[in-house]
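What follows is the residue order along each chain.
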Amino acid sequence: MKALETRTDIEELVNKFYDKVVIDDTIGFFFTDIAQIDLKKHLPKMYNFWESILLGNPVYDGNPMRVHFPLNQVVALEEHHFDRWLALWQQTLEENFEGENVATALLRAQNIARIMSYKMKIARS
Ligand code: HEM
């Protein structure tokens, strides 16, 4: 087990997370069917997002909330989807890394997921 401390570590983490996500029975279809993401374009955004959060380098310049609203209009993004997302994130973190940034990555994801889930719910009502 190693610390989560470089851009290379973050790329490995995100790649391994997406290996799980795209084949997942509960949330995979958001990525493969609804958004039909091009991983070559999508993954670098995720690397940048997590590098900004975990390493403090401001390389991500997007809006992490915005892209989820159109998905939520096609199929409701509900709490059980966020629970599954978080479970896969935690599993990937703990299978591959240890240390302070593992806890930070989990806590930040939990906080963002809670806010995102709330915003999606409000947008549907
Ligand atoms: C069930 C929960 C979630 C689903 C199904 C989901 C799905 C997606 C999809 C399909 C995209 C690509 C959208 C596009 O480019 O058209 C995306 C982008 C993204 N997601 Fe999520 N997401 C979820 C939760 C989260 C959470 C909890 C976070 C943060 C911790 C997050 C962070 C991001 C970021 C940073 C992007 C890239 C935004 C950009 O283009 O700059 N997502 N998500």
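Here, the structure is the one placed above.
Residue positions are given per chain, counted from 1 along the sequence in the order it is written. With the structure being a predicted model, the display of local features is reserved for residues of pLDDT at least 70 and the display and counting of side-chain atom pairs for 80 or more, all residues being used for whole-chain, interface and lining totals. Think of the side-chain values as coming from all heavy atoms in the structure, minus any hydrogens and water.

Details of the site of the ligand
Formally: When we say a residue is near a molecule or strand, we mean one of its heavy atoms is within 4 Å of it. Counted as a polar contact is a pair of N or O atoms within 3.5 Å, where, for protein atoms, one must be capable of donating a hydrogen and the other of accepting one, and residues adjacent in sequence contribute only when both atoms are in side chains. Here a helix means four or more residues in a row that DSSP labels H or I, a strand means two or more in a row labelled E, and each is numbered from the N terminus. In this classification, the charged set is Asp, Glu, Lys and Arg, the nonpolar set is Ala, Val, Leu, Ile, Met, Phe, Trp, Tyr, Cys and Pro, and all remaining amino acids, among them Gly, are polar.
The local shell around the ligand holds 22 residues, among which Phe31, Lys45, Tyr60, His68 and Trp85 are the closest. Tyr60 places a polar side-chain atom, nitrogen or oxygen, 2.6 Å from an oxygen atom of the ligand. Measuring from a nitrogen atom of the ligand, one finds a side-chain N or O atom of His68 at 2.8 Å. Elements with a contribution of two residues or more to the shell around the ligand: α2 (28–34), α3 (39–55), α4 (68–74), α5 (79–96) and α6 (100–124). Top contributing element to the shell around the ligand by residue count: α3, with five residues. Split by residue class, the shell around the ligand holds 18 nonpolar, three polar and one charged.

Brief notes about the coordination of the iron atom of the ligand
Going by this rule: Donor selection uses N, O and S atoms within 2.8 Å of the metal (3.2 Å for Na, K and Ca). Since no water is included, sites may look incomplete.
Among protein atoms, the single one acting as a donor to the iron atom of the ligand is His68 (NE2), 2.0 Å away. Examined against the element boundaries, His68 turns out to sit in helix α4.

Overview of a positive patch on the surface
Rules: Patch membership is restricted to residues that have no salt bridge and whose relative accessible area is over 30%. Joining uses 9 Å for like charges and 5 Å for the nonpolar side chains Val, Leu, Ile, Met, Phe, Trp and Tyr. Exposure was quantified through the Shrake-Rupley algorithm and a 1.4 Å probe, taking into account, for residues, occlusion by the shown protein chains and nothing else. The salt bridge criterion pairs a side-chain nitrogen of Lys or Arg with a carboxyl oxygen of Asp or Glu, the two atoms within 4 Å. Counted as positive: Lys and Arg. Counted as negative: Asp and Glu. His and the chain ends are not counted at all. Where a charge lies is defined by one atom per residue type, namely NZ (Lys), CZ (Arg), CG (Asp) and CD (Glu).
Among the surface-exposed residues, Lys40, Lys41, Lys45 and Arg66 lie close enough to one another that they form a single positively charged patch. Within the fold, Lys41 resides in helix α3.

Section: the pattern of salt bridges
To be explicit about the condition: Think of it in three bands: with a 1.4 Å probe and only protein chains considered, a residue is buried below 20% of the maximum accessible area for its type, exposed above 50%, and partly exposed in between.
Taken as a whole and assessed by the stated rule, the structure comprises six salt bridges. Between Lys16 and Glu12 there is a salt bridge, with the nearest N and O atoms lying 2.8 Å from each other. In this pair, Lys16 and Glu12 both sit in helix α1 (residues 7–21), four residues apart, roughly one turn of the helix. The shortest N-O distance in the salt bridge between Glu95 and Lys20 comes to 2.9 Å. Here Glu95 is found in helix α5, whereas its partner Lys20 is found in helix α1, with 75 residues between them in sequence. Accessibility expressed as a relative area gives 43% for Glu95, which makes it partly exposed.

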